Amino acid sequence: MQKKLGREQALEYHAMGRPGKIEVIPTKEAKTQRDLSLAYSPGVAEPCLEIKKNVENVYKYTAKGNLVAVISNGTAVLGLGDIGPEAGKPVMEGKGVLFKIFADIDVFDIEINEKDPEKFVQIVKALEPTFGGINLEDIKAPECFYIEKELRKQLAIPVMHDDQHGTAIISAAALLNALELQKKKIEKARFVVSGAGAAALSCLKLYLALGAKLENVMIFDVNGFVHAERTDLGETARELASPKKRDINLAGAMKDADVFIGLSAGNIVTAEMVKSMAKNPIVFAMANPTPEIDYEIAIASRKDIIMATGRSDYPNQVNNVLGFPYIFRGALDVRASAINEEMKLAAVHALAEMARKPVPDIVNLAYNEKNIAFGPDYIIPKPLDPRLLETVAPAVAKAAIESGVAKSPIQDWDAYKVELNKRLGLDNQLMRVLGSKARSQPKRLVFTEADNLKILKAAQLVFEEGVAYPILLGDEKKIHQLAEENQIDLEGFPIIDPKDKEFNEKRIQYGEIFFKKRQRKGVSKYESIKMMRDRNYFGSMMVETGEADAMLSGLTRNYADAIRPALQVIGKEDSAQKIAGMYLLLTKKGPLFMADTTVNFNPTAEELADITLMVAKEVRNFNLTPKIAMLSYSNFGSSASPEAQLMAKARAIVKERNPSLIVDGEVQANIAFNQDILKDNYPFSELVGQDVNTLIFPNLAAGNIAYNILKEVGGADAIGPILLGLKKPVHILQLGSSVRSIFNMALVAVISAQQKCKNISTEEEVKKSPWWKKFNKVAREI
Ligand SMILES: NC(=O)C1=CN([C@@H]2O[C@H](COP(=O)(O)OP(=O)(O)OC[C@H]3O[C@@H](n4cnc5c(N)ncnc54)[C@H](OP(=O)(O)O)[C@@H]3O)[C@@H](O)[C@H]2O)C=CC1
Ligand SMILES: CC(=O)C(=O)O
Ligand SMILES: [Mg+2]
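For every chain, the first residue of the written sequence is number 1, and numbering continues from 1 onward in sequence order. In the order they appear in the text, chains get letters beginning with A and ligands get numbers beginning with 1. A pLDDT threshold of at least 70 governs which residues receive local features in this predicted model, and a stricter bar of 80 or more applies before side-chain atom pairs are shown or counted, although totals over entire chains, interfaces and linings include all residues.

As annotated in an unreviewed UniProt entry, the protein is NADP-dependent malic enzyme from Pinibacter soli.

The structure is reproduced here in structure tokens:
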């Protein structure tokens, strides 16, 4: 149910906070006077002199080895044409983001105001000392061919024009698989290529290297059939042009063709043309953002087709994001002096083979599919597949070594793979897993403060991301006005104002249920019904009665007021147990779960044990094994104070109740994370050899202070508070949370609803459930 993005959202995404998508972050301490003397003058002179003595030392003492320039002059930006260097900058920044998140490569995006190829080459050449590699991007043909050829000749670092070779590599991998599935031989296949630009001609060259025959190829550009007698062709187009002039157009050429390759412009191919192709045709319509033929039209035109586009919203996305991060990763890691044909072919085969292997669950989850498997709808790996890095980068690195362009060959390939996976960042992976898990079974989520702009934006986001079906509580008029003022499309979500007379009956029904629960706790029937005018009671009751699956509240209320209704209406999982609050911190070292940060001020050892066991259960919900440190200011009995003994005692109770849980303490936080000290001084500890991911604090003050310091000073993202111990998922947001934090909490709420409320799971069922039945406008739109 993922929705198309709106213009406003795209603009707001780029403009919000610090404009643009990137910043520079120092990698060394630079806080004290000493740090500064090392980072800059006088200390910095030492690496300068070492590099002066031997220029190769630049890789040892500077960021060059992991730094790629994404360079464009904005003359062929996506399929938008010559829009200029400034207008191309968002694409180049975006590419920087993809390099970073998929392969941990740092990027400076450089937009150059120069169309003259010779001058462009001179400018880029002069940048060589700064970078470990150069990714040329969105430079139009035929200039791009000359520019890349010259730079490859003149520079000793890898240079790749991604629109040419990235596209060629990915589409070639997809083509090999499609040909196999369609039982066609590349040598015999008849190709029609639409476009004679950077991408199209390079793709064709690579297909020829893989066995395609030029005599079986017909190329078309904006002026029609590309043949040797034409005088308007660039050098590369001339090389590949048909030797004979023929009176034929695209439609004529496509008759009986086996393969159509489109890298030109949108909507230039018709269903009739596809119908006229040979049996089992392959159609790659890769123009962005509009393909040469619409996916739906193409697949409706015949059953035996294999169809791919450059878009993420259809199967078989042939897009260069599958290549450039990993190709450069492999090239940088062996200090390759170029990206040569061998390396490109290695990437092609690695990608093609990867698509034939069974797909891990995390990929199925990420795409909300049950069983992605090699076949007509899956001929190329998916961009969110975490195996791409450990598959493509080593293949490229190996080919660089074997073809003699690697200056720093890799010795230990197993260690290299481990290093690559570390680069992916556990926190990124975790967020992807959470997103995927939530999307696999979206739930109905009540937002009690829907007359707040941040909540409305978050509700829109969770719906668009396919994470949840929002139910909005609040003043309907106010909500609509806010939505209108801020161009938020409410998609017709149910809007319920519990105070409205329209909901009299519902208030009575909920009030009676509530009265049964609280009648001996000092609440009268009249009061019970009246209390249902309060959105927190009403929302909690929706969850309690199964008319919704989870609830988010608290953005504008104090914690105690927000949590009370949930406790009274829904109650605890186990009446004897405590409830507790946990935070998930996404730190540079990976995710850290911290408790209790929000509910229990001074828990006893028994209560701490309860909290620890609840946290352990929740950590497993995140697909992680809890490795728990019970924190204090002393280590394993080094202090006899009651405070220190409290944590040792809590740990003993936990072990008694769950002997297999990895948990130890009392221990200081720094020791819990320092394997050397642990091994040397406390070899008996269960934490030796374990990456601690869960911290239990002796009291609320310590936990709360610690997570806030990590967040504010350490720059960690905080998700929480995640309320533990309630029968059904209700989470109380922090006062003033950002839209992103609310979204993250929605993921958490949906995931726990998946465990706790298995009743509603499919879109069909949601449409039938009470609030949607009532608001049948939504039922139509979901
Ligand atoms: N899916 C992917 O990963 C990628 C997709 N692309 C897409 O491919 C397209 C081309 O990009 P690129 O090669 O960099 O750009 P170029 O400007 O280098 O090439 C565009 C080519 O398309 C031709 N063309 C334009 N309109 C038509 C038409 N109506 N009929 C036939 N040919 C036409 C042009 O002809 P002429 O020269 O005569 O004007 C030119 O040969 C873009 O849409 C781009 O988004 C590009 C890279 C990667
Ligand atoms: C994907 C890409 O690089 C392009 O469309 O230009
Ligand atoms: Mg491009």
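**Q** Would you mind going over the overall build of the protein with me for this structure?
**A** A run of H or I in DSSP becomes a helix once it reaches four residues, and a run of E becomes a strand once it reaches two; helices and strands are each numbered from the N terminus. The secondary structure content of the protein amounts to 34 helices and 21 strands. The 782 residues of the protein split such that 47% are buried. We call two residues in contact when the distance between their C-beta atoms, placed using the backbone, is within 7 Å. By sequence separation, contacts in the protein at least 24 residues apart represent 70% of the contacts at least 6 residues apart. Each residue is classed by its C-beta neighbour count within 10 Å, where at least 20 other C-beta atoms makes it buried, 12 or fewer makes it exposed, and intermediate counts make it partly exposed; the C-beta atoms are placed from backbone geometry.

**Q** Even after reading the chapter, I still don't get the packing of helix α24 (residues 535-544) against helix α25 (residues 559-569), so can you show me in this structure?
**A** For any two helices packed against each other, one specifies the inter-axial angle together with the distance between the axes. Across the interface, α24 lies against α25 with an axial gap of 9 Å and an inter-helix angle of 35°. When the axes of α24 and α25 are compared, the crossing they make is right-handed. For the pair α24 and α25, the contacting residues are Asn536, Tyr537, Ser540, Met541 and Glu544 in the first and Ala562, Pro565, Ala566 and Val569 in the second. The residue inventory of the contact of α24 with α25, partitioned by class, reads six nonpolar, two polar and one charged. Under this scheme, a helix contributes an axis fitted over its contacting stretch, all axes are lines through C-alpha atoms, and angles between N-to-C directions fall in the 0 to 180 degree range. Here a crossing is called left-handed whenever its near helix is offset anticlockwise from the far helix by less than a right angle, and right-handed whenever the offset is clockwise. Each residue gets one of three labels, nonpolar for Ala, Val, Leu, Ile, Met, Phe, Trp, Tyr, Cys and Pro, charged for Asp, Glu, Lys and Arg, and polar for the others, Gly among them.

**Q** Where do I start with the site of ligand 2 in this structure?
**A** Residue proximity rests on one test: whether the C-beta atom, placed from the backbone, lies within 6 Å of the molecule or strand. The full set of residues close to ligand 2 is Leu78, Asp138, Asp163, Asn288, Asn319 and Asn320. Partitioned by chemical class, the residues of the shell around ligand 2 number one nonpolar, three polar and two charged.

**Q** Any chance you could explain the site of ligand 1 here in plain terms?
**A** The environment of ligand 1 is formed by 29 residues, the closest being Gly79, Gly197, Ser264, Asn288 and Gly310. For the shell around ligand 1, the element with the most residues is helix α9 (residues 198-209), which contributes three residues. Taken together, the residues of the shell around ligand 1 break down into 15 nonpolar, 11 polar and three charged. Here the bounds of each domain stem from an automatic or database domain assignment. For the shell around ligand 1, the two domains that each supply at least three residues are domain 1 (7-157) and domain 2 (165-319).

**Q** Would you mind showing me how to read the environment of aspartate 717 here?
**A** When you line up the elements, aspartate 717 lands in strand β20 (residues 717-724). Put simply, aspartate 717 and leucine 585 are 132 residues apart on the chain and 5.6 Å apart in space, counted from C-alpha to C-alpha.

**Q** I would appreciate a short explanation of helix α8 (residues 162-181) in the present structure.
**A** Residues spaced three or four apart along an α-helix point in a common direction, a consequence of the helix completing one turn every 3.6 residues. Expected span, for any helix, means 1.5 Å times one less than how many residues it has. Compared with an ideal rise of 1.5 Å per residue, which puts 20 residues at 28 Å, α8 spans 27 Å between its outermost C-alpha atoms and is within 8% of the ideal. Taking burial as the measure, the 20 residues of α8 include 18 buried ones, the bulk of the element.

**Q** I tried to follow the environment of aspartate 451 on my own but got confused; where do I start?
**A** With respect to the secondary-structure elements, aspartate 451 resides in the loop between β11 (443-447) and α20 (453-464). On the neighbour-count criterion, aspartate 451 (23 C-beta atoms within 10 Å) is buried. Each C-alpha atom of the pair aspartate 451 and leucine 482 lies 7.3 Å from the other, and the pair is 31 residues apart in sequence. Not counting residues within four places of it along the chain, the set of residues in contact with aspartate 451 comprises Gly474, Asp475, Lys478, Ile479 and Leu482.

**Q** Please explain the sheet that holds strand β2 (residues 106-111) as it appears in this structure.
**A** What holds strands together in a sheet is hydrogen bonding between their backbones, with the strands either parallel or antiparallel. Any two strands with at least two DSSP-identified bridges between them are counted as paired. Strand order across the open sheet formed by four strands is β2-β1-β3-β4, with parallel pairing between neighbours. In this open sheet, the two edge strands, each paired with only one partner strand, are β2 and β4 (159-161). Going across the sheet, the axis of each strand differs from the next one's by a mean of 20°, ignoring polarity. Packed on one face of the sheet, helix α7 (residues 143-154) meets β3 (133-136) and β4 and runs near 170° to β4. Where α8 meets the sheet, it contacts β3 and β4, and its direction lies at approximately 80° from that of β4.

**Q** Teacher, can you tell me more about the nonpolar core here?
**A** Nonpolar side chains in soluble globular proteins generally cluster together in the buried interior. Each nonpolar core reported here comprises buried Ala, Val, Leu, Ile, Met, Phe, Trp, Tyr and Cys residues connected via C-beta atoms within 7 Å. Within the largest apolar cluster, 127 residues are counted, with the highest numbers of intra-cluster contacts made by Ile327, Ala347, Leu351 and Val396. A per-element tally of this core places α8 first, with 10 residues. In this view, alanine 347 contacts Ile169, Gly323, Ile327, Val392, Ala395 and Val396; residues no more than four positions away in its chain are not counted.

**Q** What is the right way to look at the sheet that holds β20 in this model?
**A** Within the open sheet, the six strands sit side by side as β18-β17-β19-β16-β15-β20. Their pairing is mixed. The sheet terminates laterally at β18 (662-667) and β20, the two strands that pair on one side only. Averaged over all pairs of adjacent strands, the angle between strand axes in this sheet comes to 20°, irrespective of strand direction. Sheet topology places strand β16 (residues 590-595) next to strand β19 (residues 694-696); three bridges connect them, and they run parallel. Residue pairing in the sheet places phenylalanine 593 in a bridge with threonine 694 of β19.

**Q** Would you mind showing me how to read the packing of α8 against α9 here?
**A** Where α8 contacts α9, the two axes come as close as 8 Å, and the packing angle between them is 50°. By the angle class used here, α8 and α9 are oblique. For the element pair α8 and α9, the recorded crossing hand is right-handed. In this structure, α8 uses Asp163, Gln164, His165, Thr167, Ala168, Ser171, Ala172 and Leu175 to contact α9, whose residues at the interface are Ala198, Ala199, Ser202, Cys203, Leu206 and Tyr207. By residue class, the composition of the contact of α8 with α9 is eight nonpolar, five polar and one charged. Note on angle classes: values under 35 degrees are labelled roughly parallel, values over 145 roughly antiparallel, values of 65 to 115 roughly perpendicular, and the remainder oblique.

**Q** What should I look at first to understand the pairing of β3 in this one?
**A** Every regular strand shows the same layout, with side chains that alternate between the two sheet faces. Here β3 shows a buried face lined by Gly133 and Asn135 and a second buried face lined by Ile134 and Leu136. Across four bridges, the pairing between strand β1 (residues 67-72) and β3 is parallel. Counted as the bridge partner of isoleucine 71 is leucine 136 from β3. By the bridge criterion, three bridges tie β3 to β4 in an arrangement that is parallel.

**Q** Would you mind going over the environment of asparagine 216 with me for this structure?
**A** Along the chain, asparagine 216 falls in the loop between α9 and β6 (217-221). Looking at asparagine 216, the number of C-beta atoms within 10 Å reads 16, which means it is partly exposed. In the structure, asparagine 216 is positioned 42 residues away from aspartate 258 in sequence and 9.9 Å away in space, judged by C-alpha atoms. Discounting residues that sit within four places of it in the chain, asparagine 216 has contacts with Ala189, Arg190 and Phe191.

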